[in-house]
Amino acid sequence: MSNSCPCCSGLEYSLCCQPYLNRVAVAPSPEALMRSRYTAYVRQDADYLIQTWHPSCDAQRFSPSIKQSFTATNWLSLHILTTDVSPDKPEGFVTFFARFSENQRESFIYERSRFIQQEQHWYYIDGIYPEIGRNDRCPCGSGKKFKKCCGQ
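Values in this document were obtained by computation on a predicted structure and should not be read as measured data. (Residues numbered from 1 in each chain as written. Predicted model: local features only at pLDDT ≥ 70, side-chain atom pairs only at ≥ 80, totals over all residues. Heavy atoms only, no water.)

Student: Even after reading the chapter, I still don't get the overall build of the chain, so can you show me in this structure?
Tutor: In terms of regular secondary structure, the chain is built from four helices and four strands. By its C-alpha atoms, the chain is 45 × 40 × 35 Å across when sized along the principal axes. Here the chain holds 152 residues, and 39% of them are scored as buried. In the chain, once contacts between residues fewer than 6 apart in sequence are set aside, the share between residues at least 24 apart is 40%. When the accessible surface of the chain is totalled, it reaches about 9,000 Å², and 47% of it is carbon and sulfur. (Helix = DSSP H or I, 4+ residues; strand = E, 2+ residues; numbered from the N terminus. Buried < 20%, exposed > 50% of the residue type's maximum accessible area, 1.4 Å probe, protein only. Contact = heavy atoms within 4.5 Å. Areas by Shrake-Rupley, 256 points an atom, 1.4 Å probe, with all protein chains shown as cover.)

Right under this line is the structure:
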């Protein structure tokens, strides 16, 4: 029986994010790290999330709030919009749209995440929330205008 990866890649979990979350492999790209971090939220693996933040972020301080979020948050889907990696720079960006429900209320995160490569490992460092105009296409991938979709 196939066990689809929570990151919505279409691959089996064992062939996608599982090796990273089991710490037997490291994510080879910012997109792979983004997908594995999303999967860590789904699977409630706070240690992996903290381990994949850049060391300068002192992510251990986030541990209590991450663990608390697990009780009320159900992750529904991940949609990778763009991945930007320059071969001559140790920095990459992934823009994504993730749906979740929290306390029975659906919402989303739309973020352009920044990743830094250090000693052959990619790390999440921070992100920004791109502005969405009411008449822009919704970043969820529906093809509808934002105001007629997730912006309601």
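Student: Help me out: how do you make sense of the environment of Phe62 in this one?
Tutor: Positionally, Phe62 belongs in the loop between α3 (46–51) and α4 (63–72). In this structure Phe62 comes out as partly exposed when scored by relative accessible area, which is 23%. Sequence-wise, Phe62 and Ala46 are 16 residues apart; in three dimensions their C-alpha atoms are separated by 9.1 Å. Beyond its immediate stretch of four places on either side in the chain, Phe62 contacts Trp53 and Cys57.

Student: Can you walk me through the sheet that holds strand β4 (residues 121–128) in this structure?
Tutor: Taken together, four strands build an open sheet; the order of strands is β1-β2-β3-β4 and the sheet is antiparallel. Single-partner strands in this sheet number two, and they are β1 (73–85) and β4. Adjacent strand axes in the sheet meet at a mean angle of 30° when their direction is disregarded. Sitting on the sheet, helix α2 (residues 30–42) touches β1, β2 (91–102), β3 (105–118) and β4, and the angle it makes with β1 is about 175°. Contacting β1 and β2, α4 crosses the sheet at an angle of about 120° to β1. (Pairing = 2+ DSSP bridges. Axes fitted to C-alpha atoms, helices over the stretch in contact; angles between N-to-C directions.)

Student: What is the right way to read α2 from this model?
Tutor: Note that an α-helix has 3.6 residues per turn; residues three or four places apart therefore point the same way. Look at α2: 18 Å from first C-alpha to last across 13 residues, which is about the 18 Å you get at 1.5 Å a residue. Inspection of α2 places Pro30, Ala32, Leu33, Met34, Arg35, Ser36, Arg37, Tyr38, Thr39 and Ala40 among the buried residues, and these make up the whole buried set. Positioned one or two residues after α2, Gln44 has a phi angle of 60°, which is positive. (Expected span 1.5 Å × (residues − 1).)

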